[in-house]
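One letter stands for each residue in the lines below.
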Amino acid sequence: MNYAKYEKKAREKIKAYGSECEIKRKTTSYNADTNTYEDVEDINKGYALQSQFDIANINNTNIKFGDILLLCVFDKSPKPNETIKFGEKTYTIVNVQSLNPNGKTDIYYKVHAR
């Protein structure tokens, strides 16, 4: 089954009802001219809708009061420990789950951030 149409629909809906967001990913790149490694910052722009965790789920779990849950669409998969800017705040990504029914197409991501 081709899930690309569902990914496109999710992207349209989250873009229409959500807000812009961006993920900053820090990597290291080798510079052959200077024979050194340099830190490189990659910015991945996308859209997100904010949701919340149920208060009942906060006790005795990895979820803390103040954590947020975002439904996101990005061109590159978000990863834990990256930073995500949503609205005027910057959060650190704790966990990421993707809706990926065929193992190839990420329809959207659920991002737990703190």
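Preceding this paragraph is the structure being described.
What counts, and at which threshold
Residues numbered from 1 in each chain as written. Predicted model: local features only at pLDDT ≥ 70, side-chain atom pairs only at ≥ 80, totals over all residues. Heavy atoms only, no water. Pairing = 2+ DSSP bridges. Helix = DSSP H or I, 4+ residues; strand = E, 2+ residues; numbered from the N terminus. Polar contact = N/O pair within 3.5 Å; in protein donor to acceptor, adjacent residues only side chain to side chain. Contact = heavy atoms within 4.5 Å.

1. Points about the pairing of strand S5 (residues 89–99)
- Across 4 bridges, strand S4 (residues 83–86) lies against S5 in antiparallel orientation. Bridging from a neighbouring strand, isoleucine 84 pairs with tyrosine 91 of S5.
- Once S4 ends, the chain turns through 2 residues before running back antiparallel as S5, passing glycine 87 with a positive phi of about 65°.
- Two strands pair when backbone bridges link them, and S5 and strand S6 (residues 108–113) are joined in this way by 6 bridges, in the antiparallel orientation. Residue pairing for S6: serine 98 is matched across the bridge by tyrosine 109.

2. Concerning the side chain of asparagine 31
- In this structure, asparagine 31 sits in strand S1 (residues 19–31).
- Looking at asparagine 31, its side chain comes within polar contact range of the main-chain nitrogen of aspartate 33, at 2.9 Å.
- Side-chain polar atoms of asparagine 31 contact the side chain of glutamate 38, separated by 2.9 Å.
- Discounting residues that sit within four places of it in the chain, asparagine 31 has contacts with Thr36 and Glu38.

3. What to know about the environment of valine 94
- Structurally, the position occupied by valine 94 is in strand S5.
- Apart from residues lying up to four places away in sequence, valine 94 is in contact with Asn62, Pro80, His112, Ala113 and Arg114.

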